[in-house]
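Structure at a glance
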Amino acid sequence: MTIDDAPREALRGGPRELLRWVATGAAVSRADLSRLSGLSPSTVSQRVEALINQGLLEETGAGRSRGGRRPRQLAVPTGGAVVGAIDLGAHHARIGTLDLSGRVVQARTLPVRIEDGPETVLGRLLAEVTALAGSDPAAGGAAGALRGIGIGIPGPVQHSTGRIVSPSRMPGWNGFDVAAFCADHVDVPVIVDNDANLMALGAHRTAHAELDHAVYIKAGTGIGSGVISSGRLHRGAQGSAGDISHCRVVADPAPLCSCGNAGCLEAVASGAALVTALREQGVPVDDLTGVLRLIDDGDRHATALARQAGRAIGEILAVVVNFFNPQVVAIGGRLADCEPLLASMRATLYERCLPLATQTLLIERVATGQDVGITGAAHLVIDHVVAAHP
Ligand SMILES: [Zn+2]
């Protein structure tokens, strides 16, 4: 059993949790950590020393003052070590460097053409993120301070191998071994996951780390979800857990999906589906931005489609909520700002769910903004770095 498979109870007070308590400000001393974890002061000290030796924690304020020793303060170092992150989308990539607490140090958005293929796109982004780390003031301009890179891909990723499997709208990427390609190009660990999982992890750690069960929907050009179960990202056997894009919804007529089936959620409710449907109705629209503008302007065709999309997402989500009983359901991605979609998703969810499942259920927007994906990517790497030194 690796630490990733261990039940959460076994991790109480584990190095990752100690680090997170310090990073979030919940603990500033060894005594705080002892209280929060229920571990003995000597066990906490042992783990804190190990984290300090790895450069993941630092201690300040040591020394004597009048009337006894000043309490030493624990902190996550803000200089000297950073994590790189890439959140790849269909037209843009958000890249950044983050410190070991998961705070964004530098971030920028770059245009990409996914159809240029994986070697071109990933080669460039890896070079950009490495350069960003090299120029990072927090890292003292030392590229050697880069501890690892997390990458989010807008398609299904087989978690054990880091390979992309049957993505929609990513010509030339099917079967591509992202992990092996990155290992050939950079000297630090690279962890690959799908973009919805990164959003789930980033949003959970930022907004709801105290809740154990959560479902995050990413609705943008594509549509997907990430699941937090017992406080951890739930990937399932192959990494496809939470992939709701090809679940069937009620739609008449049922539009054909890129997977060959008809009536898939992605073919009805994704941003790409809304663009296609509007064009078929003779409404000239370039992209998702154009669709959102039409909805803002009160265009009846676009608004009706957004409501239909919200109902479709709500239908699938109702099944997920009844089955999984999360404490929070949050929607992120560009469609999360679309009021008619959100309202009909919420109404469908209440209509179709057991009262016991919705009684205390929080339904909300992901509030973390455009850095939620790189934040999740950084946390993947931080967890990996800490887990590598138990
Ligand atoms: Zn499909």
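Residues numbered from 1 in each chain as written. Predicted model: local features only at pLDDT ≥ 70, side-chain atom pairs only at ≥ 80, totals over all residues. Heavy atoms only, no water.

1. So, the overall build of the protein chain
Across its full length, the protein chain holds 14 helices and 16 strands. Relative to the globule expectation of 21 Å for 390 residues, the C-alpha radius of gyration of the protein chain, 22 Å, shows essentially globular dimensions. C-alpha atoms of the protein chain, sized along the principal axes, occupy 80 × 50 × 40 Å. For the protein chain, with 390 residues in total, the buried portion stands at 51%. For the protein chain, contacts bridging at least 24 residues in sequence account for 61% of all contacts bridging at least 6. Taken as a whole, the protein chain presents about 17500 Å² of accessible surface, with 51% of it coming from carbon and sulfur. (Helix = DSSP H or I, 4+ residues; strand = E, 2+ residues; numbered from the N terminus. Rg over C-alpha atoms; globule rule 2.2 N^0.38 Å. Buried < 20%, exposed > 50% of the residue type's maximum accessible area, 1.4 Å probe, protein only. Contact = heavy atoms within 4.5 Å. Areas by Shrake-Rupley, 256 points an atom, 1.4 Å probe, with all protein chains shown as cover.)

2. Digging into the sheet that holds strand E5 (residues 82–88)
Overall, mixed pairing links the five strands, which are arranged E7-E6-E5-E8-E11 in an open sheet. Pairing within the sheet leaves two strands with one partner each, and these edge strands are strand E7 (104–111) and strand E11 (190–194). Pairs of neighbouring strands in the sheet enclose a mean axial angle of 15°, with direction left out of account. Taken together, the five bridges between E5 and strand E8 (residues 146–153) define a ladder with parallel strand orientation. Residue pairing in the sheet places Gly-84 in a bridge with Ile-149 of E8. Against the sheet, helix H7 (residues 195–207) makes contact with E5, E8 and E11, and its axis sits at roughly 100° relative to E11, the strand it touches most. (Pairing = 2+ DSSP bridges. Axes fitted to C-alpha atoms, helices over the stretch in contact; angles between N-to-C directions.)

3. Structural notes on the sheet that holds strand E13 (residues 223–229)
Within the open sheet, the five strands sit side by side as E14-E13-E12-E15-E16. Their pairing is mixed. One side of each edge strand has no neighbouring strand; the edge strands of this open sheet are strand E14 (232–233) and strand E16 (362–365). Here strand E12 (residues 214–219) runs beside strand E15 (residues 328–332); their pairing, made up of five bridges, is parallel. Residue pairing in the sheet places Ile-217 in a bridge with Ile-331 of E15. In this fold H7 packs onto E12, E13, E14 and E15, with an angle of close to 45° to the strand it touches most, E13.

4. Some remarks on the coordination of the zinc ion
Donor atoms from the polypeptide that coordinate the zinc ion comprise His-246 (ND1), Cys-257 (SG), Cys-259 (SG) and Cys-264 (SG), at 2.0 to 2.3 Å from the metal. Metal-centred angles of 102 to 119° between the four donor atoms at the zinc ion mark the site as tetrahedral. On the primary sequence, the residues serving as donors to the zinc ion are separated as H-x10-C-x1-C-x4-C. In this pair, His-246 sits in the loop between E14 and helix H8 (265–269) while Cys-257 sits in the loop between E14 and H8, placing the two residues 11 residues apart along the sequence. Taking relative accessible area as the criterion, His-246 reaches 35% and is therefore assigned partly exposed. (Donors = N, O, S within 2.8 Å, 3.2 Å for Na, K, Ca; no water. Tetrahedral: all angles 85-135°; square planar, octahedral: opposite > 155°, others 65-115°.)

5. Looking at helix H11 (residues 300–324)
Here H11 is 25 residues long and its end C-alpha atoms lie 35 Å apart, about the 36 Å a rise of 1.5 Å per residue gives. You can read the cap of H11 off the contacts: a side-chain oxygen lies 3.1 Å from the backbone nitrogen of His-301, and it is on Asp-299. Directly after H11, the chain includes Asn-325, whose backbone phi takes a positive value near 55°. (Expected span 1.5 Å × (residues − 1). Polar contact = N/O pair within 3.5 Å; in protein donor to acceptor, adjacent residues only side chain to side chain.)

6. Regarding the nonpolar core
Counting 44 residues, the largest nonpolar core has Ile-217, Leu-265, Leu-278, Val-291, Ile-313, Ile-331 and Leu-341 as the members making the most contacts within it. Counting only elements with at least two residues in this core, the list comes to E12, H8, helix H9 (271–280), helix H10 (288–296), H11, E15 and helix H12 (339–352). No other element matches the 10 residues that H11 contributes to this core. When near neighbours in sequence (up to four residues on either side) are disregarded, Val-291 contacts Leu-274, Val-275, Leu-278, Val-285 and Ala-302. (Core = buried A, V, L, I, M, F, W, Y, C linked by side-chain atoms within 4.5 Å.)

On their own, these measurements won't tell you what the molecule is for.
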